[in-house]
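# Descriptive analysis of the structure
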Amino acid sequence: MVGDVAKRDLHNVLFPKQRKILTHFGEDLLLAMKRRGFTKKLLCERTGFDHKTVNKVFAGDPGVAIGTYLKVMAVLGMESNFAEMAAHDEVGIKLQNIKLLEGSR
């Protein structure tokens, strides 16, 4: 019972800004699909996901597993974008640069 409640309330886990980002991400994936001339039916066939899951991806549903988003991106030829997301750690680089500069003084 507790697991069911947790699944239903996943949208409450995210802050509004995070929810907006995820919604925008889903919309971007939908646009990418349309730009390629793909249909949802074709995407379902190529990913092995049902229509409900694909619709959740395009809605930016926070309850969808990250691997599901990755598989959709792979079918769209965008998996390298996924791999690059954490690689561009601007905050981490700035923090590291501050430490490096302090050490050289």
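Everything discussed here concerns the structure shown above.
Described in the following lines is the structure provided in the data block.

### Side note on the overall build of the protein
A tally of regular secondary structure across the protein gives seven helices and zero strands. Out of the 105 residues in the protein, the part that is buried amounts to 21%. For the protein, restricting intrachain contacts to residue pairs at least 6 apart in sequence, the fraction spanning at least 24 positions comes to 54%. Put simply, the protein shows about 7800 Å² of open surface, and 60% of that area lies on carbon and sulfur atoms.

### Focus: the packing of helix 3 (residues 40-47) against helix 4 (residues 51-59)
Relative orientation of the contacting elements helix 3 and helix 4 amounts to 110°, with a least axis distance of 10 Å. Viewed along their axes, helix 3 and helix 4 adopt a mutual orientation that is roughly perpendicular. Counted together, Lys-40, Lys-41, Leu-43 and Cys-44 of helix 3 and His-51, Val-54, Asn-55 and Phe-58 of helix 4 form the full contact between these two elements. Counted by class, the contact of helix 3 with helix 4 contains four nonpolar, two polar and two charged residues.

### With respect to a nonpolar patch on the surface
A surface patch of nonpolar side chains, about 290 Å² in accessible area, is lined by Val-91, Leu-95 and Ile-98. Looking at where Leu-95 falls in the secondary structure, it is placed in helix 7 (residues 90-103).

### Considerations on the packing of helix 3 against helix 5 (residues 66-75)
At their nearest, the axes of helix 3 and helix 5 sit 10 Å apart, and the two run at 110° to each other. Looking at the two axes, helix 3 sits roughly perpendicular to helix 5. Here the hand of the crossing between helix 3 and helix 5 comes out right-handed. Seen from helix 3, the contacting residues are Leu-43, Arg-46 and Thr-47; seen from helix 5, they are Lys-71, Val-72 and Val-75. For the contact of helix 3 with helix 5, the residue count by class is three nonpolar, one polar and two charged.

### Considering the packing of aromatic side chains
In this structure the tally under the stated criterion is one aromatic pair. Taking the centre distance of 5.6 Å and the plane angle of 45° together, the rings of Phe-25 and Tyr-69 count as tilted. Placement of Phe-25 in helix 2 (residues 16-35) and of Tyr-69 in helix 5 is noted, with a sequence separation of 44 residues between them. Taking relative accessible area as the criterion, Phe-25 reaches 23% and is therefore assigned partly exposed. Across the ring face of Phe-38, the terminal group of Arg-46 is positioned such that the distance to the ring centre comes to 5.0 Å.

### Observations concerning the nonpolar core
Across soluble globular proteins, nonpolar side chains have a tendency to be buried as a group. Within the largest apolar cluster, 18 residues are counted, with the highest numbers of intra-cluster contacts made by Leu-29, Leu-43, Val-57, Phe-58 and Leu-76. Of all the secondary-structure elements, those providing two or more residues to this core are helix 2, helix 3, helix 4 and helix 5. Those residues in contact with Leu-43 that sit more than four places away from it in its chain are Met-33, Val-54, Phe-58, Val-72, Val-75 and Leu-76.

### So, the layout of surface pockets
Rolled over the atoms, a probe sized like a water molecule indicates the empty space that remains. The calculated volume of the largest pocket comes to roughly 150 Å³. In terms of lining residues, the largest pocket is bounded by Leu-22, Phe-25, Pro-62, Val-64, Ala-65, Ile-66, Tyr-69, Phe-82 and Met-85. Breaking the lining of the largest pocket down by element, the ones donating at least two residues are helix 2, helix 5 and helix 6 (79-85). A per-class count over the lining of the largest pocket returns nine nonpolar, no polar and no charged.

About the criteria used
- Residues numbered from 1 in each chain as written.
- Predicted model: local features only at pLDDT ≥ 70, side-chain atom pairs only at ≥ 80, totals over all residues.
- Heavy atoms only, no water.
- Helix = DSSP H or I, 4+ residues; strand = E, 2+ residues; numbered from the N terminus.
- Buried < 20%, exposed > 50% of the residue type's maximum accessible area, 1.4 Å probe, protein only.
- Contact = heavy atoms within 4.5 Å.
- Areas by Shrake-Rupley, 256 points an atom, 1.4 Å probe, with all protein chains shown as cover.
- Axes fitted to C-alpha atoms, helices over the stretch in contact; angles between N-to-C directions.
- Parallel < 35°, antiparallel > 145°, perpendicular 65-115°, else oblique.
- Nonpolar A, V, L, I, M, F, W, Y, C, P; charged D, E, K, R; others polar.
- Patch = residues over 30% accessible without salt bridge, like charges linked within 9 Å, V, L, I, M, F, W, Y side chains within 5 Å.
- Salt bridge = Lys/Arg side-chain N within 4 Å of Asp/Glu carboxyl O.
- Left-handed = near helix turned anticlockwise from the far one by under 90°.
- Phe/Tyr/Trp six-rings, centres within 6.5 Å; stacked < 30°, edge-to-face > 60°.
- Lys NZ or Arg CZ within 6 Å of the ring centre and 35° of its normal.
- Core = buried A, V, L, I, M, F, W, Y, C linked by side-chain atoms within 4.5 Å.
- 1 Å grid on protein atoms, 1.4 Å probe; cavity = no way out; pocket = protein on both sides within 12 Å on 5 of 7 lines; lining within 4 Å.
- Points joined across faces, edges and corners; volume = space filled by probe spheres on them.

Don't take any of this as a statement about function, it's just geometry.
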